[in-house]
Amino acid sequence: MSASCSQWFRLQRNLSKGAGKTVILICSEDRRVISCLSVGACCVLKPELALVIWDSFGFLRFQRLDYVYLNAGIMPNPKLNIKAFFCGLFSRNVIRMFSTAEGLLTQHDRVTADGLQEVFETNVFGHFILIRELEPLLCHSDSPSQLIWTSSRNASKSNFSLEDIQHAKGQEPYSSSKYATDLLNVALNRNFNQKGLYSSVVCPGTVLTNMTYGILPPFVWTLLLPVIWLIRFFANAFTLTPYNGSEALVWLSHQNPESLNPLAKYLSSTTGLGSNYVTFQKLDIDEEMAEKFYQKLLELEKRVRTTIVKSDCRS
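As a starting point, this report considers the structure included with it. (Residues numbered from 1 in each chain as written. Predicted model: local features only at pLDDT ≥ 70, side-chain atom pairs only at ≥ 80, totals over all residues. Heavy atoms only, no water.)

**Let's talk about the environment of G170**
Within the fold, G170 resides in the loop between β6 (145–150) and α6 (173–192). Residue G170 is classed as partly exposed on the basis of its relative accessible area of 32%. Sequence separation between G170 and T106 is 64 residues, and the spatial gap between their C-alpha atoms is 9.0 Å. (Helix = DSSP H or I, 4+ residues; strand = E, 2+ residues; numbered from the N terminus. Buried < 20%, exposed > 50% of the residue type's maximum accessible area, 1.4 Å probe, protein only.)

If you want it as structure tokens, here you go:
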């Protein structure tokens, strides 16, 4: 589980209710562990907490995983399209623009040492590999397990192409990666529900974190807060705080996964008066397209693993 520390602590507190439960925090870096633990240090954590600096061997002592929250994500070097902003501001789509930021943000992506686009590898492919590694702990027909993805209202079908799943040729890799997440969610349900594994996607809304501070400086967001609070009476996507944004993440952990709609995205929402609630919207997904994307990920996984083996042999 990779999350902003406030979101992580709220999830930890809710998921750990009851005896015999262990919450596993997976981090790729020591500093993330220290940061998240500093949040929890203010309270007494009654349940057992397992820390895993990512490697597959860290899971050998567990027999099953009930929930896996997949929300590591990046939006590198975001730039606000000022022209699109002002055009949208005086159009009838103004509420949708504020809710989804569709067409407003571009990012400068780069190629990683693995030869993959950074946003795609971080937001989608890394999670896919993690699921593949954890498959034996997730698939139990006697009791279902849940994958809960952090997607976005910014996910747009127009920014995704099966011919360019990594969005190497586009300027909105974040939007593309979140639509890819929605596709993968649908494909996983088609392929794994019968094995006891269920998948859902969530949007936390617009939360003021380091990611949004990359779009506009913190002081600008502070100046905009009165306007945002007013807009929140019409557009419920402005959750603003990580605690509010985690509403749907926590809500899903209390639902029977077999009763959830596999073609829905669950949205954290906040009213103009500050009350939190969960709603949902139908995914704009073609199930055959989702299956084709899943097969492309399997092919990419095979190529990547082959490259790693060859690299290890040379060394």
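**Overview of the packing of aromatic side chains**
As enumerated under the stated definition, the model contains seven aromatic pairs in all. An angle of 15° between the planes, with centres 6.0 Å apart, marks the rings of F120 and F125 as stacked. Where F160 meets Y179, the ring centres are 5.8 Å apart and the plane angle is 45°; that geometry is what we call tilted. Here F160 is found in the loop between β6 and α6, whereas its partner Y179 is found in helix α6, with 19 residues between them in sequence. Look at Y179 and you get buried, because its relative accessible area is 3%. An aromatic cluster is defined as three or more aromatic residues linked by ring pairs; in this entry it consists of F120, F125, F128 and Y294. (Phe/Tyr/Trp six-rings, centres within 6.5 Å; stacked < 30°, edge-to-face > 60°.)

**Thoughts on the pairing of strand β9 (residues 276–282)**
With seven bridges connecting them, strand β8 (residues 264–270) and β9 associate as antiparallel partners. By the bridge assignment, A264 is partnered in β9 with K282. Linking β8 to β9, which pair antiparallel, is a turn of five residues; within it G274 sits at a positive phi near 95°. (Pairing = 2+ DSSP bridges.)

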